[in-house]
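# Structural overview
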Amino acid sequence: MNSITKYLAGGTLMLGIIITGFLFAIRGCLSAYDERYALPPILFFEKEDKQVLVSLVKFSQTTSYVQEGGTTTKTFSNKYFIQCNNAATGEKLLSEEIEGHNIVKHFPEEVLGAAGNKAWIFIDELMAFDAFTLQKLVDFTRIENKNPLLKGKLPGESRYYHFNNDNKNISFTAKDGSQWLLNTTTLVASPEEVKVKSEMGSDKIVAEAKLRNLQRLNTGFKEMMINQDTVNAQWLGMYSKEELEKLNPVVSISTEYGDETRRQLFTTVLNKTQENNFCINKTALYNTAPEEYFLDGGFLLNKQTAKPICLTNPNSHLVIYKSQVGIEGKLMLSRIDKNGKQVWKLNTGLSSWIDWIYTNNRLYIFVNNKTPGLTNCTLLLSINVDSGVSKWYDYFSDKSSQSTDKKDLPQTLQPDLTTT
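Cut-off values and rules
Residues numbered from 1 in each chain as written. Predicted model: local features only at pLDDT ≥ 70, side-chain atom pairs only at ≥ 80, totals over all residues. Heavy atoms only, no water. Helix = DSSP H or I, 4+ residues; strand = E, 2+ residues; numbered from the N terminus. Buried < 20%, exposed > 50% of the residue type's maximum accessible area, 1.4 Å probe, protein only. Contact = heavy atoms within 4.5 Å. Areas by Shrake-Rupley, 256 points an atom, 1.4 Å probe, with all protein chains shown as cover. Core = buried A, V, L, I, M, F, W, Y, C linked by side-chain atoms within 4.5 Å. Salt bridge = Lys/Arg side-chain N within 4 Å of Asp/Glu carboxyl O. Pairing = 2+ DSSP bridges. Phe/Tyr/Trp six-rings, centres within 6.5 Å; stacked < 30°, edge-to-face > 60°. pLDDT = per-residue confidence, 0-100.

This part covers the overall build of the chain. From N to C terminus, the chain includes four helices and 31 strands. Split into buried and exposed, the 420 residues of the chain put 45% on the buried side. Expressed as a percentage of contacts within the chain between residues at least 6 apart in sequence, the contacts between residues at least 24 apart total 50%. Per element, the accessible surface of the chain, about 22400 Å² overall, is 52% carbon and sulfur.

Here it is as structure tokens:
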């Protein structure tokens, strides 16, 4: 090789290194604007002694951005992943990219529900994944192979599919307008008759409306709680003395309002009226713990039942309340036994929740700690309701309390646990 050839080769190599370095520098700058989050709801699965949380994770990689007048305009390229995390520790166990769906034709992308060991999602087509291996088990092709009559008739928009929480099957409307029910176990679809809703009593109507309302994401603080519950003919209420004085003695599911109200736990016996209603014996009201107050507090509801979360050993409730008045107030949790004793209390450090799940003596809380108010989930909090100890996983940074030092705890999440 002569000197000119060596010179050109060396120059080409150097130019390649410079270009590569420049591209890495650009990607480094752009990466500061990348976004990574889960699309709720996050699904809980249990098999033998293994519990996992499965989520649809969206990674938006920034390809360009422009800043003008304090406003940043960004463009993204998207990738979607199905991911499972250890339900107890929050640690990420597995993650698999969903191939062929980086460009979405019909928004929104949706997580539909859990049936058996399958996590059902929708991104331009109906899909299901094994919750423990993340293997793709279902797509349009497999459904059509099972149901030849539906070939070419499955719509590519999620609004035509409805996951039934009661029977765990999926109702859908075919392209020709016909109604079908997909069995999520066998993948066999059968014609579905449109059923006329039967009339219900007023109490049941109210209860079902409350349950539907509770299933929404970003549920308001007041909708997350209730102020009274009955357990074994005993009434428990979270009220101020002023609220008790005007309280209707008939047991109800209404919620008290007043964000500056300091409430306490009261209990009494129930009396049955001639109309078979249960009434509070207000003359026997007992303040279980006069020294304990809960700002704007109430019993946390179970999203699956719209009833207060009741715990055993000891018999107790989860109470949700505020750390202080105003928009800077954080959501507090406390486990209160029937005598008003606080087993533990926890300042979650969070001002709002996107969603929550209670199961197997754990409470899972899902939040956006980057941009509160959005339904994109950036943080998972797993709380042991026996001890109040919490673990976390940050979807945004892909870190968990198992794999990082305490100093890496997200600044907006500074749990403060007190046990008694």
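Further notes follow.
With 38 residues, the main nonpolar core has Leu300, Ile320, Leu333, Trp353, Leu363 and Ile365 as its most contacted residues. With near-sequence residues (within four places) excluded, Trp353 lies in contact with Asn218, Thr219, Met224, Leu300, Ile320, Leu331, Leu333, Thr348, Ile365, Phe366 and Val367.

Along the polypeptide, Ala306 turns up in the loop between β20 (298-302) and β21 (307-308). Residue classification places Ala306 among the buried positions, given a relative accessible area of 11%. As a C-alpha pair, Ala306 and Met224 span 82 residues in sequence and 8.9 Å in three-dimensional space. Beyond its immediate sequence surroundings of up to four residues, Ala306 is in contact with Leu211, Leu214 and Leu301.

Applying the stated criterion across every chain, the model contains 13 salt bridges. In this structure, Glu109 engages Lys58 in a salt bridge whose closest nitrogen and oxygen atoms are separated by 3.0 Å. Pair noted here: Glu109 is in the loop between β4 (92-97) and β5 (110-115) and Lys58 is in strand β2 (residues 50-68), with a separation of 51 residues, a long-range link. Here Glu109 and Lys58 have matching classes, each one buried. A salt bridge links Lys92 to Asp398, with the shortest nitrogen-to-oxygen separation between them at 2.9 Å. With Lys92 in strand β4 and Asp398 in the loop between β29 (390-394) and β30 (399-400), the pair connects residues that are 306 residues apart, well separated along the chain.

Turning our attention to the environment of Val343. Mapped onto the fold, Val343 is located in strand β25 (residues 342-347). A relative accessible area of 18% places Val343 in the buried class.

The next thing to look at is the sheet that holds strand β26 (residues 355-359). Strand order in the open sheet formed by five strands is β26-β27-β28-β29-β30, and the pairing between neighbours is antiparallel. Sheet topology places β26 and β30 at the edges, where each strand pairs with a single neighbour. Bridging between β26 and strand β27 (residues 362-367) involves five bridges; their strand directions are antiparallel. From the neighbouring strand, Tyr358 faces β27, where its bridge partner is Leu363.

Quick look at the packing of aromatic side chains now. With the rule as written, the count across this model stands at eight aromatic pairs. Three or more aromatic residues joined by ring pairs form one cluster here, namely Phe122, Phe140, Tyr161 and Phe172.

Of all six residues making up strand β28 (residues 379-384), five are buried, and the element is well covered by its neighbours. Here β27 pairs with β28 via six bridges, running antiparallel. By the bridge assignment for β28, Phe366 is matched with Leu380. Summarising the sheet, β28 and β29 pair through five bridges and their orientation is antiparallel. Looking across to β29, one finds that Leu380 is bridged to Tyr393. In this antiparallel pair of consecutive strands, β28 and β29, the connection spans five residues, and Gly388 shows a positive phi of 85°.

Right, let's get into the pairing of β29. With four of five residues buried, β29 is to be regarded as a mostly interior element. Two strands pair when backbone bridges link them, and β29 and β30 are joined in this way by two bridges, in the antiparallel orientation. Its bridge partner being in β30, Asp394 is matched across the sheet by Lys399. Following β29, the chain reverses through four residues before pairing antiparallel with β30; Asp398 in that reversal takes a positive phi of roughly 60°.

Our focus in this paragraph is the confidence of the model for the chain. Residues at a pLDDT of 70 or more form 82% of the chain, whose mean pLDDT is 86. The model gives residues 21-28 a pLDDT under 50, and that stretch makes three contacts with residues more than four places away or in other chains.

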